[in-house]
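Structural overview for review
Listed below, chain by chain, are the residues.
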Amino acid sequence: MNEVYFALGAFISIYLLYLILIVLRKKGLDNFENSTEMLFLKKKYHIKVTAQNAKSLAHTVAVSNALVVSLTLLCVSMIDNLPLKIVVAMGVLVPMILVVYSLIGKIYQKKERKKHV
């Protein structure tokens, strides 16, 4: 049960840190538009970042990043062997990032299509 509390604490900490450093600061939000996450979403899903949706997208990315890291920590914390922890972390982290960002991309594509119709 301690692993779950640790993962929940990590989720809250990462989200709050992202919120304070990126979402709530104008400079952070401006830098967010050129981040790796945004470059991936722009290239693969052709998402256009405007002033209206930048904050919403930043919140979505903050929650997704916090979720990915906390679930990875939860999976890894249940294993005692260090080399196995590293393998499991990579095995969980990479697919989860790909799945989460493709979901975000598809959701925001639908939002843009609805907006233009």
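Up top is the structure.
In short, a report on the structure. (Residues numbered from 1 in each chain as written. Predicted model: local features only at pLDDT ≥ 70, side-chain atom pairs only at ≥ 80, totals over all residues. Heavy atoms only, no water.)

Let us now look at the overall build of the protein chain. Of regular secondary structure, the protein chain possesses five helices and zero strands. Taken from N to C terminus, the helices and strands of the protein chain fall in the order α-α-α-α-α. Split into buried and exposed, the 117 residues of the protein chain put 33% on the buried side. Expressed as a percentage of contacts within the protein chain between residues at least 6 apart in sequence, the contacts between residues at least 24 apart total 72%. Split by element, the accessible area of the protein chain, about 7,700 Å² in all, is 70% carbon and sulfur. If the 15 positive side-chain charges of the protein chain are averaged to one point and the 6 negative ones to another, these points end up 11 Å apart. (Helix = DSSP H or I, 4+ residues; strand = E, 2+ residues; numbered from the N terminus. Buried < 20%, exposed > 50% of the residue type's maximum accessible area, 1.4 Å probe, protein only. Contact = heavy atoms within 4.5 Å. Areas by Shrake-Rupley, 256 points an atom, 1.4 Å probe, with all protein chains shown as cover. Lys, Arg positive; Asp, Glu negative; His and termini not counted. Charge placed at Lys NZ, Arg CZ, Asp CG, Glu CD.)

Among the secondary structure elements, Ser35 is positioned in the loop between α2 (26-32) and α3 (36-45). For Ser35, a relative accessible area of 15% translates into the label buried. A distance of 2.8 Å separates a polar atom in the side chain of Ser35 from the backbone oxygen of Phe32. (Polar contact = N/O pair within 3.5 Å; in protein donor to acceptor, adjacent residues only side chain to side chain.)

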